[in-house]
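Listed here are the chains, written in short residue letters.
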Amino acid sequence: MNDFYQLPKFSQWITSLLFLLLGLFLAIFIIEQGSENPLIYAAFILYVPISQFLYTPLFKLTGGYTYYSPMLLGYMVNEQQIDLHSGTSFDYLFVFQNQNAGVSLRNKLLMYHCEGLLNIISQIENKRIPESVQIVGTSYFFNERTLQKLGFQIEKASLFYRANLFINFIDLFWMYSVSHGKVSFPALWDAKKARTQGATLLAHKMSLELLYARLKSN
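Since the model is a prediction, treat every value here as computed from it, not as a measurement.

Trainee: Before we go on, may I ask you to explain helix 7 (residues 169-180) in this structure?
Mentor: Within an α-helix, residues lying three or four positions from one another point in the same direction, as the helix has 3.6 residues per turn. Over its twelve residues, helix 7 extends 16 Å from the first C-alpha to the last, a length consistent with the 16 Å expected when each residue adds 1.5 Å. For helix 7, the complete set of buried residues consists of Asp171, Leu172, Met175, Ser177 and Ser179. Phi for glycine 181, located one or two positions after helix 7, is positive at around 70°.

Following this line, the structure appears as structure tokens:
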């Protein structure tokens, strides 16, 4: 887990609440200024990645985010569905602070994604997660061929899902670029959803373990 969550709980909560207040202050400021000059509402384009960073610790502490590895989390997890997301900009800052951009960072990111999926498998084996759970995520976690080998089905993303990706474009753009070691644009317009069931993921445990071992050795 990232170093922030190794701090005493009290320190985590104080920092998270201060971040929350800062995020609320910025939102109120934009709204008030925008009432006089509507063009200022465009600042919400920048507010989205800032708020994503600021609110991450609070979402983690309140259970909104469930981390399966330092860079793989589930949003509002329940027994019916796990909606997987790569770590936020807050996680990037702490997890990759001493990591060079490019191939090595991308391999480590994929390794953490594999680690997260293996932790989900472990929880399924221990009956903490039902085998019937639906596991979904965007296809750019891995390439489509790799996902299919791991038992995922690729389907067209809904309009809402695509809209959410575009709202978070700034964060996705800079994190994608860092992982590639150069300015790179994620193909959000061609985003697809990857879906599998807990039992199917469990059946592909060996393939996932082999991929994880290969990435870890790089």
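From this point, the discussion proceeds with the structure in view.
Trainee: How should a nonpolar patch on the surface be read in this particular structure?
Mentor: Nonpolar side chains collect at one region of the surface, where Phe10, Ile14, Leu18, Leu21, Leu24 and Ile28 lie side by side and expose about 620 Å² of accessible area between them. With respect to the secondary-structure elements, leucine 24 resides in helix 1 (residues 9-36). Looking at leucine 24, the relative accessible area reads 41%, which means it is partly exposed.

Trainee: Mind showing me how you'd approach the pairing of strand 6 (residues 192-197) here?
Mentor: Across a regular strand the side chains alternate sides, sitting on one face of the sheet and then on the other. Strand direction decides the pairing type here: strand 4 (residues 134-138) and strand 6, joined by five bridges, are antiparallel. Bridging across to strand 6, glutamine 134 finds its partner in glutamine 197. By the bridge criterion, four bridges tie strand 5 (residues 153-156) to strand 6 in an arrangement that is antiparallel. Residue pairing across strands places isoleucine 154 opposite alanine 194, the latter belonging to strand 6.

Trainee: In this structure, what is going on with the pattern of salt bridges? I would like to understand it.
Mentor: Pairing between side chains of opposite charge can happen when their charged atoms approach one another. Scanning all chains against the criterion turns up three salt bridges. A salt bridge links lysine 192 to glutamate 144, with the nearest nitrogen and oxygen atoms 3.8 Å apart. On the criterion of sequence distance, the pair formed by lysine 192 in strand 6 and glutamate 144 in helix 5 (residues 144-149) is long-range, its members being 48 residues apart. Lysine 192 gets classed as partly exposed once you look at its relative accessible area, which sits at 23%.

Trainee: How should I be thinking about the UniProt feature "transmembrane region" (unreviewed entry) in the protein chain in this particular structure?
Mentor: In this numbering, the UniProt entry assigns the feature "transmembrane region" (unreviewed entry) to residues 12-31 and 38-55. Across residues 12-31, the secondary structure splits into 100% helix and 0% strand, with the terminal C-alpha atoms separated by 29 Å. As annotated, residues 38-55 has a helix share of 67% and a strand share of 0%, and its two end C-alpha atoms lie 26 Å apart.

Trainee: Can you help me understand unusual backbone geometry in this one?
Mentor: Across the chain, the bulk of peptide bonds are trans and the bulk of non-glycine residues have phi less than zero. One non-glycine residue with positive phi stands out, namely methionine 76, at about 50°. For methionine 76, the location among the structural elements is in the loop between strand 2 (72-75) and strand 3 (81-86). With a phi close to 65°, lysine 127 is a non-glycine residue in the positive phi region. With respect to the helices and strands, the residue lysine 127 is situated in the loop between helix 4 (103-125) and strand 4. Since its relative accessible area comes to 68%, lysine 127 is described here as exposed.

Trainee: How should the sheet that holds strand 1 (residues 65-69) be read in this particular structure?
Mentor: If you trace the six strands from one edge of the open sheet to the other, you get 1-2-3-4-6-5, paired in mixed fashion. The open sheet has two free edges, formed respectively by strand 1 and strand 5, since each of these has just one partner strand. Here the average twist between neighbouring strands, direction ignored, is 30°. In terms of strand pairing, strand 1 meets strand 2 through four bridges, oriented antiparallel. Residue tyrosine 67 lies in a different strand from strand 2, and its bridge partner there is leucine 73. With respect to the sheet, helix 4 is in contact with strand 1, strand 2, strand 3 and strand 4, its orientation differing from that of strand 1 by roughly 105°. Packing of helix 6 (residues 159-167) onto the sheet brings it into contact with strand 3, strand 4, strand 5 and strand 6, and relative to strand 4 it is tilted by some 45°.

Quick notes on the rules
- Residues numbered from 1 in each chain as written.
- Predicted model: local features only at pLDDT ≥ 70, side-chain atom pairs only at ≥ 80, totals over all residues.
- Heavy atoms only, no water.
- Helix = DSSP H or I, 4+ residues; strand = E, 2+ residues; numbered from the N terminus.
- Expected span 1.5 Å × (residues − 1).
- Buried < 20%, exposed > 50% of the residue type's maximum accessible area, 1.4 Å probe, protein only.
- Patch = residues over 30% accessible without salt bridge, like charges linked within 9 Å, V, L, I, M, F, W, Y side chains within 5 Å.
- Areas by Shrake-Rupley, 256 points an atom, 1.4 Å probe, with all protein chains shown as cover.
- Salt bridge = Lys/Arg side-chain N within 4 Å of Asp/Glu carboxyl O.
- Pairing = 2+ DSSP bridges.
- UniProt positions renumbered as here; feature names shortened; annotations may be inferred.
- Axes fitted to C-alpha atoms, helices over the stretch in contact; angles between N-to-C directions.
- Contact = heavy atoms within 4.5 Å.

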